[in-house]
Amino acid sequence: WEFNGSFYQPSAFLMMGIPGLEALHHWISIPFCALYLIALLGNSMILFIIKKTQSLHEPMYYFLSMLAVTDLGLVLCTLPTTLGIFWFNMRRIGFDACLAQMYFIHILSFIESSVLLAMAFDRFIAISRPLRHPSILTKTTVIKIGLAIVLRGMVSLLPIPFLLKRLNYCGKTELSHSFCFHPDIMNLACADIKVNVFYGMIILLSTVGMDFIFIVLSYILIIKTVIGLATKEECLKALNTCVSHICAVLVFFIPMIGLSMIHRFGKNVPPLVNTLVAYTYLIIPPALNPIIYSIKSSHIHEALLRALRRK
């Protein structure tokens, strides 16, 4: 503990694996290793295929590249501490290291939400304005959107570590997960955390919340446009280009909303449920996204098959 008058701050936190199943951590690590391996290889493969295939150098796949990079970042943020607990029971993490991990996890989550919104906008333009699509979403525009997404995430979350460092902590140092999460750290403080709660809620609603609303609005407009198409075949073909993105949106937002609700209102939720939802939120989307796009996107699927044949 670091002591400064009446101000107390822990030098480290203790992370938690899966409560009640500590004796089985070595066996539980096997599916986690498989998911991490799928996420690392799958997203790296997506990036490699898009880079090497000239026909994929268009907005839809530029945004997919951003999604893959974000998923790789999320995996690399949580992998060391999660497997460190499962393999070596390394539960201790320094206070500043915990704040840094938390900051990057939240930034990458916000970036992923914004990239999914950009992909929804791309699908709307491609379906409603197919002839103007290349002139609206040029390579320069896509780069500007990407920079704006990263900047929004970094700036909006910058106060969070400082808001946590100003708090006075009591005797509890045990976190609920094998990674650092803002509500989890905040709830260990014995000071007034109203500012943290208010700021966290405002940022969540104004970023991820707004992204989700605009994604839904984009699909309402897409469906409205598709209904006006001449034939059923054209309608199905247009909707088929959105299937992968819809799956990615559901895989990301459902566990995220669930985890947020548990941290805000689920004081009586069993710790095991809280832990499983958190792992689902941070590990499942990076592992499933490359599989979804490899199966449902015909261009990615064909490029992958060509690459395997060359090998």
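Residues numbered from 1 in each chain as written. Predicted model: local features only at pLDDT ≥ 70, side-chain atom pairs only at ≥ 80, totals over all residues. Heavy atoms only, no water.

Draft legend 1. A look at the overall build of the protein. Scanning the protein for helices and strands turns up 12 helices and 4 strands. What you see for the protein is a C-alpha radius of gyration of 21 Å, in line with the 19 Å of a compact globule of 311 residues. Seen along its three principal axes, the alpha-carbon backbone of the protein occupies a region of about 70 × 45 × 35 Å. Taking all 311 residues of the protein together, 48% fall into the buried category. Summarising the internal contacts of the protein: among those between residues at least 6 apart in sequence, 80% fall at separations of at least 24. Per element, the accessible surface of the protein, about 15,800 Å² overall, is 71% carbon and sulfur. Taken as two groups, the 24 positive and 14 negative side-chain charges of the protein have centres that lie 6 Å from each other. (Helix = DSSP H or I, 4+ residues; strand = E, 2+ residues; numbered from the N terminus. Rg over C-alpha atoms; globule rule 2.2 N^0.38 Å. Buried < 20%, exposed > 50% of the residue type's maximum accessible area, 1.4 Å probe, protein only. Contact = heavy atoms within 4.5 Å. Areas by Shrake-Rupley, 256 points an atom, 1.4 Å probe, with all protein chains shown as cover. Lys, Arg positive; Asp, Glu negative; His and termini not counted. Charge placed at Lys NZ, Arg CZ, Asp CG, Glu CD.)

Draft legend 2. Main features of a nonpolar patch on the surface. A cluster of nonpolar side chains, namely Met210, Phe212, Ile213, Phe214, Val216, Leu217, Ile220, Ile257, Met261 and Phe265, defines an oily patch on the protein surface of about 890 Å² accessible area. Contributions of two or more residues to the nonpolar patch are made by helix H8 (194–227) and helix H10 (243–265). With 7 residues, the single largest contributor to the nonpolar patch is H8. Looking at the secondary structure, you find Phe214 in helix H8. On the accessibility criterion, Phe214 (39% relative accessible area) is partly exposed. (Patch = residues over 30% accessible without salt bridge, like charges linked within 9 Å, V, L, I, M, F, W, Y side chains within 5 Å. Salt bridge = Lys/Arg side-chain N within 4 Å of Asp/Glu carboxyl O.)

Draft legend 3. Main features of the UniProt feature "transmembrane region" (unreviewed entry) in the protein. Per the UniProt record, "transmembrane region" (unreviewed entry) is found at residues 24–50, 62–88, 100–121, 142–164, 197–222, 243–264 and 276–295. As a span, residues 24–50 carries 96% helix and 0% strand, and end to end its C-alpha atoms are 40 Å apart. (UniProt positions renumbered as here; feature names shortened; annotations may be inferred.)

Draft legend 4. Spatial organisation of the nonpolar core. With 85 residues, the main nonpolar core has Phe13, Leu64, Leu116, Leu164, Tyr169 and Ile185 as its most contacted residues. Counting residues per element, this core draws most heavily on helix H3 (residues 95–128), which supplies 16 residues. In contact with Leu164, not counting residues within four places along its chain, are Phe95, Leu99, Met102, Tyr169, His182, Ile185, Met186 and Asn196. (Core = buried A, V, L, I, M, F, W, Y, C linked by side-chain atoms within 4.5 Å.)

Draft legend 5. Looking closely at the layout of surface pockets. Space inside the largest pocket adds up to approximately 640 Å³. Lining the largest pocket are 24 residues, with Ser176, Asp184, Asn187, His263 and Asn274 sitting closest to its centre. Within the residue set of the lining of the largest pocket, elements represented by two or more residues are helix H7 (182–186), H8, H10 and helix H11 (271–296). Taken together, the residues of the lining of the largest pocket break down into 13 nonpolar, 6 polar and 5 charged. Put simply, the second largest pocket is a space of about 540 Å³. Along the wall of the second largest pocket there are 19 residues; nearest its centre are Arg123, Lys237, Ala238, Thr241 and His299. Secondary-structure elements contributing two or more residues to the lining of the second largest pocket are helix H2 (59–88), H3, helix H9 (232–240) and helix H12 (298–310). No other element matches the 4 residues that H9 contributes to the lining of the second largest pocket. (1 Å grid on protein atoms, 1.4 Å probe; cavity = no way out; pocket = protein on both sides within 12 Å on 5 of 7 lines; lining within 4 Å. Points joined across faces, edges and corners; volume = space filled by probe spheres on them. Nonpolar A, V, L, I, M, F, W, Y, C, P; charged D, E, K, R; others polar.)

Draft legend 6. Broad picture of the packing of H3 against helix H5 (residues 139–157). The contact between H3 and H5 brings their axes to 9 Å, and the two run at 145 degrees. In this structure, H3 crosses over H5, and the sense of that crossing is right-handed. For the pair formed by H3 and H5, the contact residues are Tyr103, His106, Ile107, Phe110, Ile111, Ser114, Val115 and Ala118 on the first element and Ile145, Ile149, Val150, Arg152, Gly153, Met154, Ser156 and Leu157 on the second. Looking at side-chain class alone, the contact of H3 with H5 contains 11 nonpolar, 4 polar and 1 charged residues. (Axes fitted to C-alpha atoms, helices over the stretch in contact; angles between N-to-C directions. Left-handed = near helix turned anticlockwise from the far one by under 90°.)

Draft legend 7. The arrangement of the packing of aromatic side chains in detail. Within the structure shown, the criterion is met by 13 aromatic pairs. With a centroid separation of 6.1 Å and 80 degrees between ring planes, the pair formed by Trp87 and Phe88 is classed as edge-to-face. Taking relative accessible area as the criterion, Trp87 reaches 39% and is therefore assigned partly exposed. Taking the relative accessible area as the measure of exposure, Phe88 reaches 60% and is therefore exposed. Aromatic ring contacts, followed pair by pair, group Phe32, Phe86, Phe179, Phe181 and Tyr279 into a single cluster. (Phe/Tyr/Trp six-rings, centres within 6.5 Å; stacked < 30°, edge-to-face > 60°.)

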